[in-house]
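A look at the structure
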Amino acid sequence: MNPLGMLKLKPLFETFCQNHPKLLMFFAASADSMDVGSVLEISLKNSEGQTMKTNILVNENDVELFEELKKLISKEKN
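Description of the structure in this document.

Rules behind the numbers
Residues numbered from 1 in each chain as written. Predicted model: local features only at pLDDT ≥ 70, side-chain atom pairs only at ≥ 80, totals over all residues. Heavy atoms only, no water. Phe/Tyr/Trp six-rings, centres within 6.5 Å; stacked < 30°, edge-to-face > 60°. Axes fitted to C-alpha atoms, helices over the stretch in contact; angles between N-to-C directions. Helix = DSSP H or I, 4+ residues; strand = E, 2+ residues; numbered from the N terminus. Parallel < 35°, antiparallel > 145°, perpendicular 65-115°, else oblique. Contact = heavy atoms within 4.5 Å. Nonpolar A, V, L, I, M, F, W, Y, C, P; charged D, E, K, R; others polar. Buried < 20%, exposed > 50% of the residue type's maximum accessible area, 1.4 Å probe, protein only. Lys, Arg positive; Asp, Glu negative; His and termini not counted. Salt bridge = Lys/Arg side-chain N within 4 Å of Asp/Glu carboxyl O. 1 Å grid on protein atoms, 1.4 Å probe; cavity = no way out; pocket = protein on both sides within 12 Å on 5 of 7 lines; lining within 4 Å. Points joined across faces, edges and corners; volume = space filled by probe spheres on them. Core = buried A, V, L, I, M, F, W, Y, C linked by side-chain atoms within 4.5 Å.

Okay, the packing of aromatic side chains next. Scanning all chains against the criterion turns up two aromatic pairs. Taken together, the ring pairs in this structure connect F26, F27 and F66 into an aromatic cluster.

It is at 5 Å that the axes of helix α1 (residues 3-19) and helix α2 (residues 21-30) come closest, and there the two elements cross at 90°. The pairing of α1 with α2 is recorded here as roughly perpendicular in orientation. Of the residues in α2, those in contact with F16, C17, Q18 and N19 of α1 are P21, L23 and L24. Classifying every residue of the contact of α1 with α2 by side-chain character gives five nonpolar, two polar and no charged.

Along the chain, D62 falls in helix α3 (residues 60-77). For the buried D62, which has no salt bridge, the nearest side chain bearing the opposite charge is K71, at an N-O separation of 16 Å. In this structure, D62 is in contact with I56 and L57, ignoring residues within four places of it in sequence.

To continue, consider the pattern of salt bridges. Enumeration according to the criterion identifies three salt bridges in this entry. A salt bridge links D32 to K70; the nearest nitrogen and oxygen atoms lie 2.4 Å apart. Taken together, the positions of D32 in the loop between α2 and β1 (39-45) and K70 in helix α3 put the pair 38 residues apart, joining distant regions of the chain.

With that settled, the discussion passes to the layout of surface pockets. Of the volumes computed, that of the second largest pocket is approximately 200 Å³. Lining of the second largest pocket is provided by M6, L9, K10, F13 and E14. Classifying every residue of the lining of the second largest pocket by side-chain character gives three nonpolar, no polar and two charged.

Let us now look at the nonpolar core. When a protein is soluble and globular, its nonpolar side chains tend to lie buried together. Ranked by size, the top nonpolar core spans twelve residues in total: C17, L24, F27, A28, A31, M34, L40, V58, V63, F66, L69 and I73. Broken down by secondary-structure element, the contributors of at least two residues to this core are α2 and α3. Here this core takes four residues from α3, the largest share from any one element. Apart from the residues within four sequence positions on either side, A31 is in contact with F66, E67 and K70.

Structure, rendered in structure tokens:
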């Protein structure tokens, strides 16, 4: 990803996290239960009632990402 794109994304992501703190709390809490082979499912129901779903099979890199996310969230709380 281009560094300039990352700079533009940072404030948007920070605002998203402020607007939806439960999502980050979910990821931090689920990091303890998540292991390789877990399935993470996400669904979206739009304003017209249409639903889309996807899922991922968690791998080692994903587990590491969620562990780091958990550490960052813990630091922000302190």
